[in-house]
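# Architecture and fold: a report
Each chain, letter by letter, is given below.
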Amino acid sequence: MCPVPPSGREELPRVTVAPKLRTPDPGEMPVDLIARLREIVALRRGRIAVEAPDGRLTYDDLDRLSNQLAGQLRTLGVTRESRVGISLARGACELVAMLATLKAGGAYVPLDPSNPVDRLRIFMEDAAPQVLLVGPDSSLTASPGGTLVVLEDPFQVGRDFPADLASVPVLPEQLKSR
């Protein structure tokens, strides 16, 4: 632990430590991240899951928003192993997009918006995502045959879709490296 001089103590943010989750034994580990997320949501419903520059989400919010966006992604044709490009600033919205992609059965392709656009386009050509999720100020366009989704208000994504959505199961053969 790093000692803090007495004069700097009042400047430090207060940190609340949540009760520690039980770590499952390796033999009982869930097959996928989404199954583990559901367990955590059930235990920590109203607690803060994410606090980022673009917003603060409880575990319930994170689950609901990612379910709703996953529903939207499915209507756009995202299924098992579809690629979804995500070019969003690091934060709550990016996490919602990643989880939604996994819940829809897709694989996300991270495209850091701080990279030069020409470099991102090279990644896009190589990955050829079926859907591209971007923020309102992005200059990226979808791949040929792909769909561009501009997330104007990250906390209103997929609001026309159900908040409870069955995830596409992740099969063990999908987790093997190729």
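Residues numbered from 1 in each chain as written. Predicted model: local features only at pLDDT ≥ 70, side-chain atom pairs only at ≥ 80, totals over all residues. Heavy atoms only, no water.

### Quick notes on unusual backbone geometry
Selection criterion: Working definition: helices are DSSP H or I runs of at least four residues, strands are E runs of at least two. Numbering for both runs from the N terminus. Each residue's exposure class comes from its accessible area (1.4 Å probe, protein chains only) as a fraction of the maximum for that residue type: buried when under 20%, exposed when over 50%, partly exposed otherwise.
Even without being glycine, E81 reaches a positive phi, approximately 70°. Along the chain, E81 turns up in the loop between α2 (59–75) and β3 (83–87). Here the phi dihedral of A128 falls at roughly 45°; this positive angle occurs in a residue that is not glycine. As for its placement among the helices and strands, A128 is situated in the loop between α4 (117–127) and β5 (131–134). On the basis of relative accessibility, which here comes to 38%, the residue A128 falls in the partly exposed class.

### Regarding the environment of D160
Considering the arrangement of structural elements, one finds D160 in the segment after β6 (147–150). Among the residues examined, D160 registers a relative accessible area of 70% and is labelled exposed. In this structure, the C-alpha to C-alpha distance between D160 and Q72, residues 88 residues apart in sequence, is 8.2 Å.

### Some points on the pattern of salt bridges
To keep things clear, this is the line we draw: Each salt bridge in this description consists of a side-chain nitrogen of Lys or Arg and a carboxyl oxygen of Asp or Glu lying within 4 Å of one another.
Taken as a whole and assessed by the stated rule, the structure comprises six salt bridges. Between R36 and E39 there is a salt bridge; the shortest N-O distance is 2.9 Å. Of this pair, R36 and E39 both sit in helix α1 (residues 33–44), three residues apart, which is roughly one turn of that helix. A salt bridge links R64 to D61, with the shortest nitrogen-to-oxygen separation between them at 3.3 Å.

### Regarding the nonpolar core
As a reminder, the rule being used: Put simply, a nonpolar core is a bunch of buried Ala, Val, Leu, Ile, Met, Phe, Trp, Tyr and Cys residues held in one set by side-chain atoms that sit within 4.5 Å of each other.
Counting residues in hydrophobic clusters, the biggest one holds 30 residues, and the most contacted among them are L69, L73, L133 and L151. Looking at this core, the elements that each hand over two or more residues are α1, β1 (48–52), α2, β3, α3 (92–104) and β5. Looking at which element gives the most residues to this core, the answer is α3, with eight residues. By size, the runner-up hydrophobic cluster in this structure holds eight residues, among which are V109, M124, A127 and L140.

### Let's talk about α3
Worth spelling out the cut-off: To estimate how far a helix should reach, multiply one less than its number of residues by 1.5 Å.
With 13 residues, α3 extends 18 Å from end C-alpha to end C-alpha; this agrees with the ideal 18 Å at 1.5 Å per step. Burial within α3 is extensive, with eleven of its 13 residues counted as buried. Every buried residue belonging to α3 is among A92, C93, E94, V96, A97, M98, L99, A100, T101, K103 and A104, and all of these are buried. G105 lies just past α3 and shows a positive phi near 100°.

By themselves, these observations are geometric and do not establish any function.
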